[in-house]
2 protein chains.
Amino acid sequence: MKQVDIITEKTLTDVEKIQKAIATNPESEVELKGFVHKIRTMSEFAFVIIRTDRELVQCVLDKTNSFNINDLQEGDTVKIVGTTRLDSRSPLGFEITIKELEVLTSPHEQMPLKINKRNFDATLNVKLDMRPIALRNPKDRAVFKIQEGIVRGFREFLYTQNFTEIRSPKIVSEGAEGGANMFELDYFGRPAYLAQSPQFYKQMMVGVFGRVFEIGGVYRAEKHDTSRHINEFTGLDFEMGFIDSFEEIMQMEASMLRYVFDLLNRDYKRELDMFGVTLPEFTTIPTITFKEGKEITQKLSKKKIVDFGDFDADEEKIIGDYIKETTGSDLVFVTHYPSKKRPFYAMDDPTDPTVTLSFDLLLNGAEITTGGQRIHDYDMQVQKMLSRKMDPERFSDYLMIHKYGMPKHGGLGIGLERLTYKLLKLSNIREATLFPRDINRIAP
Amino acid sequence: MKQVDIITEKTLTDVEKIQKAIATNPESEVELKGFVHKIRTMSEFAFVIIRTDRELVQCVLDKTNSFNINDLQEGDTVKIVGTTRLDSRSPLGFEITIKELEVLTSPHEQMPLKINKRNFDATLNVKLDMRPIALRNPKDRAVFKIQEGIVRGFREFLYTQNFTEIRSPKIVSEGAEGGANMFELDYFGRPAYLAQSPQFYKQMMVGVFGRVFEIGGVYRAEKHDTSRHINEFTGLDFEMGFIDSFEEIMQMEASMLRYVFDLLNRDYKRELDMFGVTLPEFTTIPTITFKEGKEITQKLSKKKIVDFGDFDADEEKIIGDYIKETTGSDLVFVTHYPSKKRPFYAMDDPTDPTVTLSFDLLLNGAEITTGGQRIHDYDMQVQKMLSRKMDPERFSDYLMIHKYGMPKHGGLGIGLERLTYKLLKLSNIREATLFPRDINRIAP
């Protein structure tokens, strides 16, 4: 009987194998598979730039080679055998002189998009319409390699802090934020909704595993049409039990972000460099109260402050700038948001019930996280629901955990796409969303 | 200004700290936080069993202690300070004599479910109705700790093989399997659907990153009501480009599973032991063709074979048993399934176009994976669509990748919940689904 064998070691990429070979012999015979990214024909030879999963590799095809350059086209996939030559002008430090070139597959026709131009200047809408191929542009795709790194760092760090990974349902019968802005679904003839938050489920799971996290889809039927909003995004959520204070949640987030930034600097440097951004460096994050934040904006804003329950985008920017100037920090926690603007499950401050034991984290003057301590006591939760004219009966599944016992707990949620686009200073959140869904777009 | 500091090291759990303390001094003073899982009052003392995130810890409260056992109830969360004592009868090898006991939070009332009974024998329906608290039973929750391990292993292994993690949209305008069995959604007044597979997106991303994987929600509006079906599940999907043969996909899966099983045996042993199962041990996996499989079932089945396009559950069982008897293997690949029963994107075998370059993997006689090579050529794909009366125009977004060039590629999908319930030999897939959705259930 035929058998399938197993691989038990890390597999090197072609480029890693080449770099290893060069380390012992600068003129090694090597093999490379990839897409033909760009062809530049000179008089005596041609440059053939090969696109691999993370690199562009410069190869040279001499006129003396039996392979005719006219038989090659951009978009072909090829296998090359050649000899390396050190070349400090090449981004990778070497180029490959082609000995053998085999075309593996060929496109049916040439792309209408010039993904191989250094300045890939199609409009965002065109790029999104042609996303399946536009993402082959090295800089556009780099966003998602970095996004992988953020997710890896989030998970790896939380594993070191004894969190358990969970996966909650996205088809739900009741909304965590009270039911507004939910997408409705036909579930075998009954109405159901897409989850607008894993909030209820992660709290339930605190009673099971103590500390939990989830990375999953979040769905908001909000009719915004801005550069900051999408209707399907990825939530990085965690929730932790047995806390003494909500500041432990902030500490966990600060530590996680630090871990993520270190990981990105270590393993995703080549992609970060394409954006020319430096990630925030910090060992502590300053924290101010919401009230202090309002005092800063009242003093520094040119507009008259009208909303005393929250900050608008301009005010967040003012606070971010103020903190950057006075402390040098790109990050700032704002704590103790007013109760009436926070969800019904937020824990009020026992010393001042008009505010909550909650926080936002601002990065360069833009909110990237909302978190806080939750109510664990059954009577307190039912009271708060009633005071907001909510019917506790409708939330009986959720209230099971309060009724039968919960530790003090809290957590937070981070929008992955928002964090990515803020970190990389992109102009639109859609650039940091693989296949964005907004009020006008559900394809590709 | 106040500052939030960061944690830079792994945090030990309370139980890990205690085990470390005991290693130097068997009678250490230790601290423990957790749920009061069970109280057993004896004449001179009481056993208080504390439930932490993964353990049950036996503590002893003497009558001489100033804390009155009658002030304690199951479901309280507590902080205990006490002294360890080695005890070989205790599952962890020690117990704690309580010096100080502080009640942190208390339940509003006692659970109607006896989650702390060794034989937690509520019916599955009752358990699912009360899932938020039923999951606090140590064995019921262990399923999901093991599930975490499966997901971790899948990811960790694929990272070593240079796969990039992606996250594709779950709100889609077109179905990968042709549009049947999809949940319909009201998307700002237009119809949209929940993704029944990440198939199109992972193929698109092969053109971007070469090798990709996704762990995400899969939605099937199938009206099955069986122990093997749920309507929302987690897909473990990968897709790899630049293959020479579809057997490389099988090798990748075999290697991944081996990595997962090794990880589970190393880090999730205490949970595995609760189920008394031994994970398959293997260095190779036998493989037979679909045709050979049919010959085996024709010889061994007591029923008359009527469907020559696929295997039914009984036939899969016969093949699994036959392979187990003849080779000792719990796993078997079956290859070359008939073209007409495989999707429109499956690559036909050039030597026999009535079959595809595809495979299923059977574990203990049940299918846990479907995979294979995909069509990369534009004309071939359009032809196959037309021969199936599909309109290529409707799939123009997907066909972009074929039109503008794709490497030879293929991949597979594994249902996480199905794999979990098969591995642990549970009787119903719902036991391996955190909050299952089926034709009758969308809550909790």
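Residues numbered from 1 in each chain as written. Chains lettered and ligands numbered in written order. Predicted model: local features only at pLDDT ≥ 70, side-chain atom pairs only at ≥ 80, totals over all residues. Heavy atoms only, no water.

For chain A, the helix and strand inventory stands at 12 helices and 19 strands. Each of the three principal axes of chain A carries a C-alpha extent, and together these read 85 × 65 × 45 Å. Residue burial in chain A is summarised as follows: out of 444 residues, 59% are buried. Restricting the contact set of chain A to residue pairs at least 6 apart, pairs at least 24 apart contribute 64%. (Helix = DSSP H or I, 4+ residues; strand = E, 2+ residues; numbered from the N terminus. Buried < 20%, exposed > 50% of the residue type's maximum accessible area, 1.4 Å probe, protein only. Contact = heavy atoms within 4.5 Å.)

Let's shift gears to the relation of the copies chain A and chain B. Overlaying chain A on chain B yields an RMSD of 0.0 Å, the required transformation being a rotation through 180° with an accompanying axial translation of 0.0 Å. Given the turn and translation reported, the copies of this chain are related as if by a two-fold rotation axis. Among all C-alpha atoms of chain A, that of Leu185(A) lies closest to the rotation axis, at 2.2 Å. When you check the interface residues of chain A against chain B, 100% turn up at the interface there too, and the contact is symmetric in its surfaces. (Least-squares fit on C-alpha atoms with pLDDT ≥ 70 in both.)

As a further point, take the sheet that holds strand E12 (residues 232-241) of chain B. Spatial ordering of the open sheet is given by E1(A)-E13(B)-E14(B)-E17(B)-E18(B)-E19(B)-E12(B)-E11(B)-E7(B), a layout of 9 strands whose pairing is mixed. Bordering the open sheet on either side are strand E1 (2-5) of chain A together with strand E7 (164-165) of chain B, each of which pairs with just one other strand. The strands that helix H9 (residues 313-327) of chain B touches are strand E13 (284-289), strand E14 (331-335), strand E17 (358-363) and strand E18 (366-373) of chain B; relative to E13(B), the one it contacts most, it runs at about 130°. (Pairing = 2+ DSSP bridges. Axes fitted to C-alpha atoms, helices over the stretch in contact; angles between N-to-C directions.)

What follows covers a negative patch on the surface. Taken together, the side chains of Glu184(A), Asp186(A), Glu184(B) and Asp186(B) present a region of like negative charge at the surface. Broken down by secondary-structure element, the contributors of at least two residues to the negative patch are strand E9 (184-187) of chain A together with strand E9 (184-187) of chain B. With respect to the secondary-structure elements, Asp186(B) resides in strand E9. Note on Asp186(B): relative accessible area 44%, which makes it partly exposed. (Patch = residues over 30% accessible without salt bridge, like charges linked within 9 Å, V, L, I, M, F, W, Y side chains within 5 Å. Areas by Shrake-Rupley, 256 points an atom, 1.4 Å probe, with all protein chains shown as cover. Salt bridge = Lys/Arg side-chain N within 4 Å of Asp/Glu carboxyl O. Lys, Arg positive; Asp, Glu negative; His and termini not counted. Charge placed at Lys NZ, Arg CZ, Asp CG, Glu CD.)

This brings us to the interface of chain A and chain B. Note on interface size: it is often stated as the accessible area lost on association of the parts. Opposite the 123 residues of chain A that make contact, chain B presents 123 residues. Roughly 10,600 Å² of surface becomes buried between chain A and chain B when both sides are summed, with 62% attributable to carbon and sulfur atoms. At the surface where chain A touches chain B, the tally comes to 6 salt bridges. For the salt bridge of Lys33(A) with Asp244(B), the shortest nitrogen-to-oxygen distance reads 3.8 Å. (Buried area = accessible area lost by both parts, 1.4 Å probe.)

Our focus in this paragraph is the sheet that holds strand E19 (residues 409-415) of chain A. With mixed pairing, 9 strands are arranged side by side in an open sheet as E7(A)-E11(A)-E12(A)-E19(A)-E18(A)-E17(A)-E14(A)-E13(A)-E1(B). A single partner strand is all that each edge strand has here, and the edge strands are strand E7 (164-165) of chain A together with strand E1 (2-5) of chain B. Here E7(A) runs beside strand E11 (residues 211-219) of chain A; their pairing, made up of 2 bridges, is parallel. Counted as the bridge partner of Glu165(A) is Phe213(A) from E11(A). Sheet strands in contact with helix H4 (residues 138-160) of chain A are E7, E11 and strand E12 (232-241) of chain A, and its direction is about 155° off that of E11(A).

To continue, consider helix H1 (residues 14-24) of chain A. Residue and element names in this part refer to chain A. Taken together, the buried positions of H1 are Val15, Ile18 and Ile22. Projected down its long axis, H1 carries its buried residues within an arc of 60°, all on one side. Within H1, the exposed residues directed more than 90 degrees away from the buried face are Lys20, Ala23 and Thr24. Tucked inside the fold, the buried residues of H1 contact strand E2 (29-41), strand E4 (56-62), strand E5 (77-86) and strand E6 (94-105). (Arc of directions from axis to C-beta.)

Turning next to the packing of helix H5 (residues 199-209) of chain A against helix H11 (residues 396-404) of chain A. All names here are of chain A. Running from N to C, H5 and H11 cross one another at 30°; their axes reach a closest spacing of 10 Å. Accordingly, the angle class assigned to the pair H5 and H11 is roughly parallel. Of the two elements, H5 crosses H11, and the hand of that crossing is left-handed. Of the residues in H11, those touching H5 at Phe200, Gln203 and Met204 are Asp397, Tyr398, Ile401 and His402. When its residues are assigned to classes, the contact of H5 with H11 shows 4 nonpolar, 2 polar and 1 charged. (Parallel < 35°, antiparallel > 145°, perpendicular 65-115°, else oblique. Left-handed = near helix turned anticlockwise from the far one by under 90°. Nonpolar A, V, L, I, M, F, W, Y, C, P; charged D, E, K, R; others polar.)

Of note, the amide linkage connecting Ala443(A) to Pro444(A) takes the cis form, showing an omega dihedral of -5°. As for its position among the elements, Pro444(A) is in the segment after helix H12 (416-423). If you check the backbone angles, Lys389(A) has positive phi at about 60° while not being a glycine. Among the secondary structure elements, Lys389(A) is positioned in the loop between helix H10 (378-387) and H11. In the Ramachandran plot, Phe188(B) falls in the positive-phi region, its phi being about 50° despite a non-glycine side chain. When you line up the elements, Phe188(B) lands in the loop between E9 and strand E10 (190-194).

On to the packing of aromatic side chains, then. For any pair of aromatic rings, the description rests on two quantities: the centre-to-centre distance and the angle between the ring planes. One pass over the full model with this rule turns up 42 aromatic pairs over all chains. Residues Phe344(A) and Phe395(A) carry aromatic rings whose centres are separated by 5.7 Å and whose planes lie at 55° to one another, so their mutual orientation is tilted. Taken together, the positions of Phe344(A) in the loop between strand E14 (331-335) and strand E15 (348-349) and Phe395(A) in the loop between H10 and H11 put the pair 51 residues apart, joining distant regions of the chain. Each member of the pair, Phe344(A) as well as Phe395(A), carries the same accessibility label: buried. Centroid distance Tyr159(B) to Phe213(B): 5.5 Å. Interplanar angle 75°. Geometry classified as edge-to-face. With Tyr159(B) in helix H4 (residues 138-160) and Phe213(B) in strand E11 (residues 211-219), this pair connects stretches of sequence that are 54 residues apart. Residues Tyr159(B) and Phe213(B) agree in their burial class; the two are buried. An aromatic cluster of at least three residues, connected via ring pairs, comprises Phe200(A), Phe344(A), Tyr345(A), Phe395(A) and Tyr398(A). (Phe/Tyr/Trp six-rings, centres within 6.5 Å; stacked < 30°, edge-to-face > 60°.)

Where side chains of opposite charge bring their charged atoms close, a pairing between them can arise. All names here are of chain B. According to the stated counting rule, one finds 68 salt bridges over all chains in the structure shown. The shortest N-O distance in the salt bridge between Asp87 and Arg89 comes to 3.2 Å. On the basis of relative accessible area, Asp87 is assigned to the buried category, the value being 6%. What makes Arg89 exposed here is its relative accessible area of 71%. Note that Glu156 and Arg152 form a salt bridge whose closest N and O atoms lie 3.3 Å from each other. Highlighted residues: Glu156 and Arg152, both in helix H4, separated by 4 residues, approximately one helical turn. Residue Arg152 is classed as buried on the basis of its relative accessible area of 15%.

What follows covers the side chain of Asp140(B). Residue and element names in this part refer to chain B. Turning to its location among the elements, Asp140 is positioned in helix H4. With relative accessibility at 16%, the residue Asp140 sits in the buried group. At 3.1 Å, the side chain of Asp140 and the side chain of Lys127 are in polar contact. Apart from the residues within four sequence positions on either side, Asp140 is in contact with Phe120, Lys127, Ala134 and Leu135. (Polar contact = N/O pair within 3.5 Å; in protein donor to acceptor, adjacent residues only side chain to side chain.)

A word on the pairing of E9(B). Residues and elements named next belong to chain B. Burial along E9 is one-sided: Leu185 and Tyr187 are buried, while Glu184 and Asp186, pointing the other way, are not. In this structure, E9 lies alongside E10, joined through 4 bridges in antiparallel fashion. In the sheet register, Tyr187 faces E10, and the bridge partner there is Arg190. Following E9, the chain reverses through 2 residues before pairing antiparallel with E10; Phe188 in that reversal takes a positive phi of roughly 50°.

What follows is about the pairing of strand E4 (residues 56-62) of chain B. All names here are of chain B. A large share of E4 lies buried, amounting to 5 of its 7 residues. Sheet topology places strand E3 (residues 45-51) next to E4; 7 bridges connect them, and they run antiparallel. Within E4, the position partnered with Phe47 by the bridge is Val60. Between E3 and E4, which pair antiparallel in sequence order, lie 4 residues.

Right, let's talk about the side chain of His336(A) for a bit. Residues and elements named next belong to chain A. Of note, His336 is situated in the loop between E14 and E15. Here Thr335 takes part through its side chain, which lies 2.8 Å from a polar atom of the side chain of His336. Ignoring anything within four residues of it in the chain, the contact list for His336 reads Phe246, Thr289, Phe290, Asp349, Val355, Thr356, Leu357 and Ser358.

Moving on, we come to H12(A). Residue and element names in this part refer to chain A. The buried fraction of H12 is high, at 6 of 8 residues. Restricting attention to buried positions, one finds in H12 the residues Leu416, Glu417, Leu419, Thr420, Tyr421 and Leu423. Residues of H12 that are buried make contact with H4, E12, helix H6 (247-267), strand E17 (358-363), strand E18 (366-374) and E19. In the stretch just after H12, Lys425 is the one whose phi turns positive, near 55°.

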